[in-house]
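Secondary and tertiary structure notes
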Amino acid sequence: LETKVMHRTMEATLIKIADYLNKRNVPLVFVLAPSFIQVNDKLWKEKISNRSKEPQHLKPSLPNKKLMEFSRKNKFLMIDLLPIVKSKSSKGDEFYNQKEQHWNAEGNRMVSDVLMDYLKNNNLISWDH
């Protein structure tokens with residue numbers, strides 16, 4: 001129940017943000033930044049196994065998939081970084097600081113590259129370099 005309430009609250013907040021910016025003709029792209037636990041399979045399994053309330057079949061991509069579906073339904077632009085980060089991390093790339101879940105320098109570089117490509121490919125910016 002708590003998860004459903006949080007999810008509905010997040011959806012309502014995203015709609016308010018989008019409406020506010022749309023009324024001002026400001027383009028908006030939501031970006032889903034995965035947590036370190038979503039990217040690391042071992043940590044995910046440990047986290048789920050330690051929580052008796054959570055079903056063991058939950059997948060780390062579930063929240064992102066639900067938000068991506070919500071964004072399509074509402075015609076929001078949204079990028080899910082989880083598949084990209086997970087793919088690159090599986091090849092040994094490190095994107096998070098070890099002591100906290102913030103991006104490290106390589107993570108910031110990767111995110112900026114993905115965002116720039118998205119913005120250019122969707123004609124939200126022009127970049128002549």
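An account of the accompanying structure is given in this report. Every residue gets a number counted from 1 within its own chain, in the order that chain's sequence is written. Restriction of local features to residues with pLDDT of at least 70 applies here, the model being predicted, together with a cutoff of 80 or more for giving and counting side-chain atom pairs; totals for whole chains, interfaces and linings are based on all residues. Side-chain calculation: all heavy atoms of the structure are included, whereas hydrogens and water are not.

What about the packing of helix α1 (residues 2-23) against helix α4 (residues 62-73)?
- Axes here refer to lines fitted to C-alpha atoms; in helices the fit is confined to the stretch in contact. Angles between the N-to-C directions go from 0 to 180 degrees. Runs of E in the DSSP output that reach at least two residues are strands. Runs of H or I that reach at least four are helices, and both are numbered from the N terminus. Viewed as axis vectors pointing N to C, α1 and α4 meet at an angle of 35 degrees, and their least axial separation amounts to 12 Å. For the crossing formed where α1 meets α4, the hand is right-handed. Residues His 7, Met 10, Glu 11, Leu 14 and Ile 15 of α1 pack against Lys 66, Leu 67 and Phe 70 of α4. A clockwise turn of the near helix away from the far one marks a right-handed crossing, whereas an anticlockwise turn of less than a right angle marks a left-handed crossing. Contacts were defined at the residue level, with two residues in contact if any of their heavy atoms lie within 4.5 Å.

Remarks on unusual backbone geometry
- If you check the backbone angles, Lys 75 has positive phi at about 60 degrees while not being a glycine.
- Tracing the sequence through the fold places Lys 75 in the loop between α4 and β2 (77-80).
- The backbone phi angle of Asn 123 is positive, close to 55 degrees, even though this residue is not glycine.
- Judged by relative accessible area, which is 69%, Asn 123 ranks as exposed. To sort residues, take the accessible area from a 1.4 Å probe on protein chains only and compare it with the maximum for the residue type: under 20% means buried, over 50% means exposed, and anything in between is partly exposed.

Examining the packing of aromatic side chains
- Aromatic rings from Phe, Tyr and Trp, with only the six-membered ring used for Trp, were paired whenever their centres fell within 6.5 Å, and each pair was classed as stacked if the ring planes differed by under 30 degrees, edge-to-face if by over 60, and tilted otherwise. If you walk through the whole model with that rule in mind, you get four aromatic pairs.
- Where Phe 30 meets Phe 76, the ring centres are 5.6 Å apart and the plane angle is 55 degrees; that geometry is what we call tilted. With Phe 30 in strand β1 (residues 29-32) and Phe 76 in the loop between α4 and β2, this pair connects stretches of sequence that are 46 residues apart. Just as Phe 30 is buried, Phe 76 falls in that class too.
- Taking the centre distance of 5.9 Å and the plane angle of 70 degrees together, the rings of Phe 70 and Phe 76 count as edge-to-face.
- Here the aromatic residues Phe 30, Phe 70 and Phe 76 are joined through ring pairs into a cluster of three or more.

Brief notes about the pairing of β1
- Burial of the side chains of β1 is restricted to one face: Phe 30 and Leu 32 are buried, whereas none of Val 29 and Val 31 on the reverse face is.
- Taken together, the four bridges between β1 and β2 define a ladder with parallel strand orientation. Residue Leu 32 lies in a different strand from β2, and its bridge partner there is Asp 80. A strand pair is defined by DSSP finding two or more bridges across the two strands.

Details of the side chain of Gln 38
- Its place among the elements puts Gln 38 in helix α2 (residues 36-39).
- Contacts described as polar in this section are N or O atom pairs within 3.5 Å, which, within protein, must combine one atom able to donate a hydrogen with one able to accept it, while residues neighboring in sequence count only if both atoms come from side chains. Within the structure, Gln 38 has its side chain in polar contact with the backbone nitrogen of Ser 35 (distance 2.9 Å).

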